[in-house]
Structures are given as structure tokens and as C-alpha cells.
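So the chains spell out like this:
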Amino acid sequence: MTETVVRFGPMGGLQGIVTSPTTRAPGPLRAVVMSNVGMHHRVGPFRLYVELARAMAAEGWWVLRFDHFGMGESAPRPTSLNDTSSEAADHAAAIDFLQQAHGVEDVLIVALCSGVDAAHPAAVHDPRIRGAVFIDGYTYPT
């Protein structure tokens, strides 16, 4: 397994870690994208995303854990977009990077708790996202 620090997105302002697969799984090249959970940076709470990334890479997935603009080690947000629009654009930039750098075809988003607020709009509007795993996401009492 190899983990590599990467910069991508507008002006290279987003920072993340790519965990490369140790084997090639059959079928299309697949990737998992994970981003901030609240104020936790890309390692996730209790290093959950690190452990998950390594386990997924062992099964043949590319994994990108990244910090949204204004979080962790990514640059301050370069535009005046609102949070929802900016976070969806950040996810799109992450997928663009994976496609260009590694030829990834299918993407799965994994989000935890408040990270679902950022991942859900991206999953709804970006057809490259083939699946989403939302853990402890938001719910409505109605």
C-alpha cells in the first residue's frame, strides 16, 4: 500500500491523501472519496478514515481522503460560494483529480455525521458518483 500527499482543485488549494490499491480488483477502476467530518480533518474521528482507506485499498480501491477548502491543510476558500456549493465543487474537484491522475471510472462517497451535509448534494447532482455510504447522517422528524 502506498499513501501519497496530493494537491488538486482550483489553484491546487485542496489537499488530501491518496491510498493506492495493493491489487487490481476486477471490473472498472473504482475509488472512494472521503472528506472532513465537522472540524476533524481528513483522518476522520479516531483515525476512522485512515483505517477504512487502508482496508479499501487492500481490496483494490483507490481512496482519496481530503480536506475541504478552509479546513485542515487545504487553503482558505478562494471564492464567495456558500458552504453547500463550495463543498459540492470540492467533491467534483476530487473526482476530477482521481479520473485524470488514475483513470478512475466509478466513485463511491463515504461520509460520517456532519460530513453527510457536504457529501449528499454532491451525490445527488454528480452522475460520476455511483454510490454513497452515509453513516449517522441527518434525518428529519417528519
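Preceding this paragraph is the structure being described.
Scoring rules and cut-offs
- Residues numbered from 1 in each chain as written.
- Predicted model: local features only at pLDDT ≥ 70, side-chain atom pairs only at ≥ 80, totals over all residues.
- Heavy atoms only, no water.
- Buried < 20%, exposed > 50% of the residue type's maximum accessible area, 1.4 Å probe, protein only.
- Helix = DSSP H or I, 4+ residues; strand = E, 2+ residues; numbered from the N terminus.
- Pairing = 2+ DSSP bridges.
- Axes fitted to C-alpha atoms, helices over the stretch in contact; angles between N-to-C directions.
- Contact = heavy atoms within 4.5 Å.
- 1 Å grid on protein atoms, 1.4 Å probe; cavity = no way out; pocket = protein on both sides within 12 Å on 5 of 7 lines; lining within 4 Å.
- Points joined across faces, edges and corners; volume = space filled by probe spheres on them.
- Nonpolar A, V, L, I, M, F, W, Y, C, P; charged D, E, K, R; others polar.

**Quick word on the pairing of strand β2 (residues 14-20)**
Then, number 1: Counting buried residues along β2, seven of its seven residues qualify, which places the element largely inside the surrounding structure.
Then, number 2: Residues Leu14, Gly16, Val18 and Ser20 of β2 are buried on one face, and the alternating residues Gln15, Ile17 and Thr19, pointing to the opposite face, are buried as well.
Then, number 3: Sheet topology places strand β1 (residues 2-8) next to β2; seven bridges connect them, and they run antiparallel. Following the sheet pairing, Phe8 is matched in β2 by Leu14.
Then, number 4: Count of turn residues in the β1/β2 antiparallel hairpin: five residues, of which Gly9 carries a positive phi of about 80°.
Then, number 5: Direction of pairing for β2 relative to strand β4 (residues 62-67): antiparallel, over a ladder of five bridges. Looking at β4, one finds that Gly16 is bridged to Phe66.

**Description of the environment of Pro21**
Then, number 1: Topologically, Pro21 is positioned in the loop between β2 and β3 (30-35).
Then, number 2: For the pair formed by Pro21 and Phe69, sequence separation is 48 residues and the distance between their alpha carbons is 26 Å.

**Remarks on the sheet that holds β2**
Then, number 1: In spatial order, the strands read β1-β2-β4-β3-β5-β6; together these six strands make up an open sheet with mixed pairing. Taken across any chain shown, the strands that pair with only one partner, and hence form the sheet edges, are β1 and β6 (129-135). Averaged over all pairs of adjacent strands, the angle between strand axes in this sheet comes to 20°, irrespective of strand direction.
Then, number 2: Sheet strands touched by helix α1 (residues 48-58): β1, β2, β3, β4 and β5 (106-112). Its angle to β4, the strand with the most contacts, is close to 160°.
Then, number 3: The sheet contacts of helix α3 (residues 115-125) involve β5 and β6, and relative to β6 the element is tilted by about 160°.

**Observations regarding the layout of surface pockets**
Then, number 1: Computed from the structure, the largest pocket encloses a volume of approximately 160 Å³.
Then, number 2: Lining the largest pocket are Asn36, Gly38, His68, Phe69, Met71, Arg77, Glu87, Ser114, Gly115, Asp117 and Ala118.
Then, number 3: Looking at which element gives the most residues to the lining of the largest pocket, the answer is α3, with three residues.
Then, number 4: Tallied by class, the residues present in the lining of the largest pocket amount to three nonpolar, five polar and three charged.

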